[in-house]
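# Chain and residue survey
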Amino acid sequence: MSRRRILILLLLIAGLAGIWALQRKQASTEVTPRPLLYLVADTQRELERIPLELTRVRVEEENQIGEELARSCGLTPANTKDPEVNRIRDYVNEAGRRVTGGVQRPGIHYRFHYNPSESFVNAAALPGGQIVIGRGLLQLLESEDELASILGHEIAHVDQRHAIGRLQYELQSRKLGLGGLYQLGSIGVKLFQAGYTKEQELEADREGLRLAVASGYSAGGAIDAMKRLERLSRPAGAPAVSPVEEMARVPVQALQEYFRSHPLPRERIAAFEVEIAENGWKIDAARRPLAIRAIFLADEAEEFDRRGFYDKAIRRFEEAIAAEPKSARARKGLARARWHSGDAAGAATATEEALRINPENASLWGLLARALAASDPVNAPQRYAAVETALSRQVPQRTLWILQAHQAGLDLFVGRPRALENYRELVRARMPPENEAEVRLQMAWWMYRSGKLPVALQELDAARQRDPDDAQIDIDRSWILSELGRHADAKQEIESVEKGDEVYALQAVINWRLERRDPASDSFRAAIADDPIWMEQRWVANTFNAPTAKVLAELRTAELVRRKKEALRAVHPVGAAKSN
Ligand SMILES: [Zn+2]
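Owing to the predicted nature of the structure, the values given are computational and were not obtained by experimental measurement.

## Things to note about the overall build of the protein chain
Across its full length, the protein chain carries 30 helices and three strands. The 580 residues of the protein chain split such that 50% are buried. Here the contacts in the protein chain between residues at least 6 apart in sequence split such that 67% fall between residues at least 24 apart. For the protein chain, the accessible area works out to roughly 27700 Å², and carbon and sulfur atoms hold 52% of it.

## Quick notes on the packing of aromatic side chains
Per the stated rule, a full pass over the model turns up 10 aromatic pairs. Between phenylalanine 413 and tryptophan 446, the aromatic rings sit 5.8 Å apart at their centres with planes inclined by 70°, giving edge-to-face as the arrangement. Of the two residues, phenylalanine 413 sits in helix 20 (residues 397-413) while tryptophan 446 sits in helix 22 (residues 433-449), which places them 33 residues apart along the sequence. A relative accessible area of 25% places phenylalanine 413 in the partly exposed class. Given a relative accessible area of 0%, tryptophan 446 falls into the buried group. Three or more aromatic residues link up through ring pairs in this structure, and these residues are Trp479, Trp534, Trp539 and Phe544.

## Structural notes on the side chain of aspartate 474
With respect to the helices and strands, the residue aspartate 474 is situated in helix 24 (residues 471-483). When its relative accessible area of 13% is taken as the criterion, aspartate 474 is described as buried. In this structure, aspartate 474 is in contact with Arg464, Glu493, Ile494 and Val497, ignoring residues within four places of it in sequence.

## Quick look at the environment of glutamate 273
Residue placement: glutamate 273 occurs in helix 13 (residues 265-279). Separated by 53 residues in the primary sequence, glutamate 273 and glycine 220 place their C-alpha atoms 9.2 Å from one another.

## Side note on the layout of surface pockets
In this model, the largest pocket occupies a volume close to 1100 Å³. In terms of lining, the largest pocket is formed by 39 residues, of which the most central are Arg336, Trp339, His340, Arg370 and Trp539.

## Digging into empty space enclosed by the protein
Throughout the structure, instances matching the rule amount to five cavities of 30 Å³ or more. Reported here for the largest cavity is a volume of approximately 70 Å³. Contributions of two or more residues to the lining of the largest cavity are made by helix 6 (144-159), helix 9 (198-214), helix 10 (220-232) and helix 13. Space inside the second largest cavity adds up to approximately 50 Å³.

## What to know about unusual backbone geometry
Residues other than glycine seldom take positive phi values, yet arginine 418 does so here, at roughly 60°. You can see arginine 418 is positioned in the loop between helix 20 and helix 21 (419-430). What makes arginine 418 partly exposed here is its relative accessible area of 47%. If you check the backbone angles, glutamate 515 has positive phi at about 65° while not being a glycine. Overall, glutamate 515 belongs to the exposed group, its relative accessible area being 60%.

## Here's the deal with the packing of helix 14 (residues 293-306) against helix 16 (residues 328-341)
Where helix 14 meets helix 16, the closest approach of the two axes is 10 Å, and the angle between their N-to-C directions is 20°. Here helix 14 lies roughly parallel to helix 16, going by the angle between them. In this structure, the crossing between helix 14 and helix 16 has a hand that is left-handed. Residues Ile295, Ala298, Asp299, Glu302 and Asp305 of helix 14 lie in contact with helix 16, whose contacting residues are Arg329, Ala337 and His340. Residue classes in the contact of helix 14 with helix 16 are distributed as three nonpolar, one polar and four charged.

Scoring rules and cut-offs
- Residues numbered from 1 in each chain as written.
- Predicted model: local features only at pLDDT ≥ 70, side-chain atom pairs only at ≥ 80, totals over all residues.
- Heavy atoms only, no water.
- Helix = DSSP H or I, 4+ residues; strand = E, 2+ residues; numbered from the N terminus.
- Buried < 20%, exposed > 50% of the residue type's maximum accessible area, 1.4 Å probe, protein only.
- Contact = heavy atoms within 4.5 Å.
- Areas by Shrake-Rupley, 256 points an atom, 1.4 Å probe, with all protein chains shown as cover.
- Phe/Tyr/Trp six-rings, centres within 6.5 Å; stacked < 30°, edge-to-face > 60°.
- 1 Å grid on protein atoms, 1.4 Å probe; cavity = no way out; pocket = protein on both sides within 12 Å on 5 of 7 lines; lining within 4 Å.
- Points joined across faces, edges and corners; volume = space filled by probe spheres on them.
- Axes fitted to C-alpha atoms, helices over the stretch in contact; angles between N-to-C directions.
- Parallel < 35°, antiparallel > 145°, perpendicular 65-115°, else oblique.
- Left-handed = near helix turned anticlockwise from the far one by under 90°.
- Nonpolar A, V, L, I, M, F, W, Y, C, P; charged D, E, K, R; others polar.

Take a look at the structure:
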């Protein structure tokens, strides 16, 4: 029998033994999938202990192999249209390059790829320095030092020839030469994720940490990251102890993938601690902030805001701002979440800060005016004008017109003399036609809030003549008509408007005023299913006049009563039926 045949036979026996052991284990233990996954990994690792004589591949050849593999695994560094994805990739590259400073094989062309999938909770190293990290893992990290330890580990798999060795082994066992690379196809990344022995993993930890420390990162980063993963490896259902854990909406399955491909975090932490003590490294040095963390935090904060968890959204936006003070997205998000929560004063402050970063954003100027009017009506016009004076040089002409409409609106709202006349002169004399519909739409809202309902209707009519397709004009007219008691007209306004939370809320209000309680409640439920903001009384009071706010409050109470009844029925299904 040739050597190769013996090898194949050995592999076959080992494989069958592995399957047998797996089935036995399955039969005897039925706990979490974790031990099972470890067993799979262990079986693979056993296979690899079969000795193989591998010829050394030259560095240039390894670089070429790596590039080819990266291409076949779809890791090409193409620029995406998403600027945030590009930013994350560049950031990972920069940190990765820094960590490669102390490698033993400097001829390797390191390249760091980013996989934006949340279910990719892992990192992998391919031969030739092609390294990939997934969003799922990246969003669990809190400092650049943690990232450096993860990347250091992967770099070490390349530097210590684990990656190229793994490839050679795979090709030999499939009786393929280096030319058979393409046959590995998409299994490529998986091969390098889970394919190393435990000794190789621990060596990659040691060497990776040395690389990270040599390039100026704190050795504590590795411990921080491992401790968090250790906590996350606890059975699902355990209460989250930190916002980051709560943030990790990572499917358990996806996280298991990480634990399957690495030794237990506890073991790795112990090894790190020995290494750190032996080298006398300090672990209490300040960690470098993970700048891109603001992106993940803002993503989650926006999700909380959409789902009506405004306090959580506010906290998360604040964390995002702490991670990246100049994040326009987080600043704007914080202002909006505070406004949604009913905190008008807090919204005004946050909006002012958001405008300093993003003064061309017209909707922020509108939010500032509304937040000031709700929280400090007496001083609102002066405070608004002060922000305008500070930033007006950076405001484009288009936005400037909207801004002036809000200024005029605030004057009207606080009852300044001649406010309406001044606005009309402004519109007649100078306003470019392309601004007219938007300016009139904004001004009409202030007319409505100032109790001038018929004037507001006329203003919306004028806006509609300029822009017949803007559905918001129909919606705003409908709110006003309903408040005037013109229910049929109010209904007609929104008949052909595409349904969304605001249209549902309007239908609910109109029906409630017509004493048609059931259809009103149904529509209200549709509105809050789309956007729970309609249950937020303070936001309602800051947005609508008292008569409409009152109807919305009654709808809210009816909904709360309904929920209570439903909860009772769920607890006592039989008893409730009997007693009725
Ligand atoms: Zn590894």
